[in-house]
Amino acid sequence: MRAQSDENTTPTPAEETPPEDEDAVVDEEADAVVDPEDEADDEDDEDAEDGEPEDGEDERGPSALAALGGRVFARPLLAAAIALVVVAAGCAVYFGGAWYTAAHDESLRYSQMRDSALVSGEQAVQNLNTLDYRHVDQGLNLWLQSSAGDLRNSITAGRKTFAAQVQQAKTATTAKVLDAAITQLDEHAGKAAIIVALEITVTPAKGKPATKQSRLQGELTRTGAGWKLSKIGQVAVDTGAGGAPLATPAPRAS
Amino acid sequence: MPRRTPPATRPRLAAPVSLAVVAAALGVFAIVAGHNAAGLRGSTAARNTALTDTARTSEANGQITTAVAGLFSYDYAHPEKNRQATRTFLSGNAVAQYRKLFAPVLEQAGKQRLVLATTVTESGVSTIQGDRAHLLVFANERNTAVKTGQTVFAGAMLAVDATYRGGKWRVTGLDSFTE
């Protein structure tokens with residue numbers, strides 16, 4: 001009985017499994033199963049099947065030769081595939097971890113909060129300094145949308161009077177943010193402090209538009225609909241109006 | 001009898017192919033995750049450490065506050081103090097920008113015997129990226145002409161670019177929003 005020699009040459013059930021079979025190791029072990037009917041053919045087949053017999057391995061017998069023939073083909077591929085999976089899994093873990101930590105990074109979240117507070121604050125300050133007597137209602141609605149808390153309450157309270165004044169004066173006011181900075185940010189309280197350098201242009205019914213600069217200080221409150229202005233005011237100067245250019249000597253009476 | 005050889009090759013390929021598919025899926029995930037992580041870390045918000053790095057923010061704030069106060073204060077009797085401030089705090093473009101801004105003061109200083117005192121009332125660091133920072137500064141000026149005894153107050157606002165060099169923040173850009 002040369003049962004060993006049957007390896008690899010006998011079509012066993014395992015070898016005939018469809019390509020979905022993922023486990024190559026199982027295949028090789030299954031090869032050892034002997035099909036007695038094919039025994040007689042085996043000796044003849046050996047040389048034909050091991051197209052490239054490895055001479056040095058001869059003493060291990062024809063079965064080893066046959067297995068090697070299979071391995072030379074299958075093992076490097078399999079080894080490469082396993083190595084590829086290991087490397088890919090390593091990369092996936094590494095970058096997945098980096099993604100996770102970045103997404104849960106506190107200072108990163110704080111940075112994003114600071115930036116969204118700044119953007120909302122700039123927009124709110126601009127909105128609250130923009131009003132056209134031809135669209136007062138629209139403008140004041142925008143004021144309400146941009147504000148929260150005390151500021152919103154006072155806008156609501158003074159709305160009618162203010163609208164009447166603007167319509168009577170027939171002025172159109174526009175504003176441009178020159179620069180701004182968040183000076184404080186309290187994540188837990190949902191509050192932020194902002195300073196804004198603003199340029200305001202008032203166009204009267206008749207006459208030329210007048211431009212002035214304004215130094216503003218405000219408080220932002222985080223609401224369900226984003227950051228809103230809850231306080232806003234001009235930064236006072238000891239005397240005189242704000243926004244005078246720094247290096248110009250103050251006018252002197254001679 | 002070659003009939004027995006072909007069936008062996010197909011199942012042997014199945015495992016490597018399946019593994020390659022798994023590897024490809026993992027690879028795709030790694031690329032997406034890496035891209036997202038880099039997107040978060042490399043975003044403008046993330047690179048800006050203003051307020052998130054409290055120590056560095058207050059360092060920049062404090063030093064630039066001192067710089068602005070020193071640069072825009074002038075005593076006709078002790079002009080060297082102002083000159084010392086310009087040497088200490090100014091760098092790059094700010095040198096010419098400051099000269100232009102401050103020229104009118106210097107012009108009047110001797111004649112009017114000016115004493116200009118500037119105090120920073122509010123300041124905010126909007127960005128710090130590495131060794132560069134941007135600040136918005138509000139200041140109060142008290143300008144006294146000793147000759148006439150008159151004092152005038154004014155408010156000012158100033159956008160400042162700052163650069164960190166040799167352990168100090170220096171003013172490298174000045175904008176008073178006057179143009």
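Please refer to the structure placed before this passage.
Note that the structure is predicted; figures quoted are calculated from it, not measured. (Residues numbered from 1 in each chain as written. Chains lettered and ligands numbered in written order. Predicted model: local features only at pLDDT ≥ 70, side-chain atom pairs only at ≥ 80, totals over all residues.)

Q: What's the story with the overall build of chain B in this structure? I'm lost.
A: Within chain B one finds five helices and five strands. Taken against the 2.2 N^0.38 rule, which gives 16 Å for 179 residues, the C-alpha radius of gyration of chain B at 31 Å runs more than 25% over that of a compact globule. Structurally, chain B occupies a C-alpha span of about 120 × 30 × 25 Å along its principal axes. Counting all 179 residues of chain B, 40% fall into the buried class. Within chain B, contacts between residues separated by at least 24 positions form 57% of all contacts whose residues are at least 6 apart in sequence. (Helix = DSSP H or I, 4+ residues; strand = E, 2+ residues; numbered from the N terminus. Rg over C-alpha atoms; globule rule 2.2 N^0.38 Å. Buried ≥ 20, exposed ≤ 12 C-beta atoms within 10 Å, placed from the backbone. Contact = placed C-beta atoms within 7 Å.)

Q: How should I be thinking about the overall build of chain A in this particular structure?
A: Scanning chain A from N- to C-terminus turns up six helices and five strands. Counting from the amino terminus, helix and strand elements in chain A follow one another as α-α-α-α-β-α-α-β-β-β-β. Put simply, chain A has 254 residues, and 32% of those count as buried. Taking the contacts inside chain A whose residues are at least 6 apart along the sequence as the reference set, 56% of them involve residues at least 24 apart.

Q: What exactly am I supposed to notice about the nonpolar core here?
A: One broad rule of soluble globular proteins: the nonpolar side chains tend to lie buried together. Core analysis: the biggest nonpolar cluster contains 66 residues, and B:Ile64, B:Val68, B:Leu135, B:Val137, B:Val160 and B:Val171 have the highest contact counts within it. Considering each element in turn, this core owes the most residues, seven residues, to strand 3 (residues 132-145) of chain B. Each residue touching B:Val160, except ones within four places of it in the same chain, is listed here: B:Ile64, B:Val68, B:Leu135, B:Val137, B:Val171, B:Gly173 and B:Leu174. A:Ala88, A:Phe95, B:Ala37 and B:Leu40 belong to the second-largest nonpolar core, a separate cluster that totals 14 residues. (Core = buried A, V, L, I, M, F, W, Y, C linked by C-beta atoms within 7 Å.)

Q: What am I meant to see in the sheet that holds strand 5 (residues 168-175) of chain B here?
A: Each strand in a sheet pairs with its neighbour through backbone hydrogen bonds, running either in the same direction (parallel) or in the opposite one (antiparallel). Residues and elements named next belong to chain B. Read across the open sheet, the five strands follow the order 1-2-3-4-5; overall the sheet is antiparallel. Looking at the sheet topology across the chains shown, the edges are occupied by strand 1 (74-75) and strand 5. Two strands pair when backbone bridges link them, and strand 2 (residues 114-129) and strand 3 are joined in this way by 14 bridges, in the antiparallel orientation. Along strand 3, the bridge assignment pairs Val 125 with Leu 135. Packing against the sheet, helix 5 (residues 93-112) makes contact with strand 1, strand 2, strand 3 and strand 5, and its axis sits at approximately 80° to strand 5. (Pairing = 2+ DSSP bridges. Axes fitted to C-alpha atoms, helices over the stretch in contact; angles between N-to-C directions.)

Q: Would you mind going over the environment of A:Val166 with me for this structure?
A: Within the secondary structure layout, A:Val166 lies in helix 6 (residues 149-169). Contact partners of A:Val166, with chain neighbours within four places excluded, come to A:Leu131, A:Tyr133, A:Val136 and A:Thr171.

Q: Help me understand the pairing of strand 5 of chain B, please; the structure alone is not making it clear to me.
A: Within a regular strand, side chains alternate between the sheet's two faces. All names here are of chain B. The pairing of strand 4 (residues 150-165) with strand 5 spans seven bridges and is antiparallel. Residue pairing across strands places Asp 161 opposite Gly 173, the latter belonging to strand 5. Hairpin connection, strand 4 to strand 5: the antiparallel pair is bridged by two residues, and Gly 166 has positive phi, about 60°.

Q: Explain helix 4 (residues 79-89) of chain B here, please?
A: All names here are of chain B. Buried residues of helix 4: Asn 82, Ala 85 and Phe 89, and no others. Down the axis, helix 4 shows its buried residues gathered within 55° of arc, on one side only. Facing away from the buried side of helix 4, by more than 90 degrees, are the exposed residues Glu 80, Arg 83, Gln 84 and Arg 87. The inward-facing, buried residues of helix 4 contact helix 3 (54-71), strand 1 and strand 5. (Arc of directions from axis to C-beta.)

Q: Where do I start with the sheet that holds strand 1 (residues 131-132) of chain A in this structure?
A: Residue and element names in this part refer to chain A. Read from one edge to the other, the open sheet built from five strands follows the order 1-2-3-4-5, with strand pairing classed as antiparallel. This sheet does not close on itself; its edge strands, each paired only once, are strand 1 and strand 5 (226-234). Inspection of the sheet shows strand 2 (residues 172-186) paired to strand 3 (residues 191-203) by 13 bridges, in the antiparallel sense. Within strand 3, the residue paired with Ile 182 across the bridge is Ile 194. On top of the sheet, helix 4 (residues 106-128) reaches strand 2, strand 3, strand 4 (210-223) and strand 5; it is set at about 150° to strand 2, its chief contact.

Q: In this structure, what is going on with unusual backbone geometry? I would like to understand it.
A: Residues and elements named next belong to chain B. Unusually for a residue other than glycine, Arg 113 sits at a positive phi of about 50°. Relative to the helices and strands, Arg 113 is located in the loop between helix 5 and strand 2. A tally of 16 C-beta atoms within 10 Å means that Arg 113 is categorised as partly exposed. Phi angles above zero are rare outside glycine, and Phe 177 is one such case at about 60°. Positionally, Phe 177 belongs in the segment after strand 5. Using a count of 17 C-beta atoms within 10 Å as the deciding quantity, one classes Phe 177 as partly exposed.

Q: How should I be thinking about the environment of B:Leu19 in this particular structure?
A: Counting through the fold element by element, B:Leu19 comes out in helix 1 (residues 5-41). Exposure remark for B:Leu19: the 22 C-beta atoms within 10 Å place this residue in the buried category.

Q: What exactly am I supposed to notice about the packing of helix 4 of chain A against helix 5 (residues 136-146) of chain A here?
A: Two numbers describe a pair of packed helices, the interaxial angle and the distance between the axes. Residues and elements named next belong to chain A. Direction vectors running N to C along helix 4 and helix 5 enclose 150°, while the axes themselves pass 9 Å from each other. Considering their axes alone, helix 4 and helix 5 lie roughly antiparallel with respect to each other. Pair helix 4 / helix 5 crosses with left-handed handedness. Judged by residue contacts, Gln 123, Ala 124, Asn 127 and Leu 128 of helix 4 engage Leu 142, Trp 143 and Ser 146 from helix 5. In terms of residue class, the contact of helix 4 with helix 5 is built from four nonpolar, three polar and no charged. (Parallel < 35°, antiparallel > 145°, perpendicular 65-115°, else oblique. Left-handed = near helix turned anticlockwise from the far one by under 90°. Nonpolar A, V, L, I, M, F, W, Y, C, P; charged D, E, K, R; others polar.)

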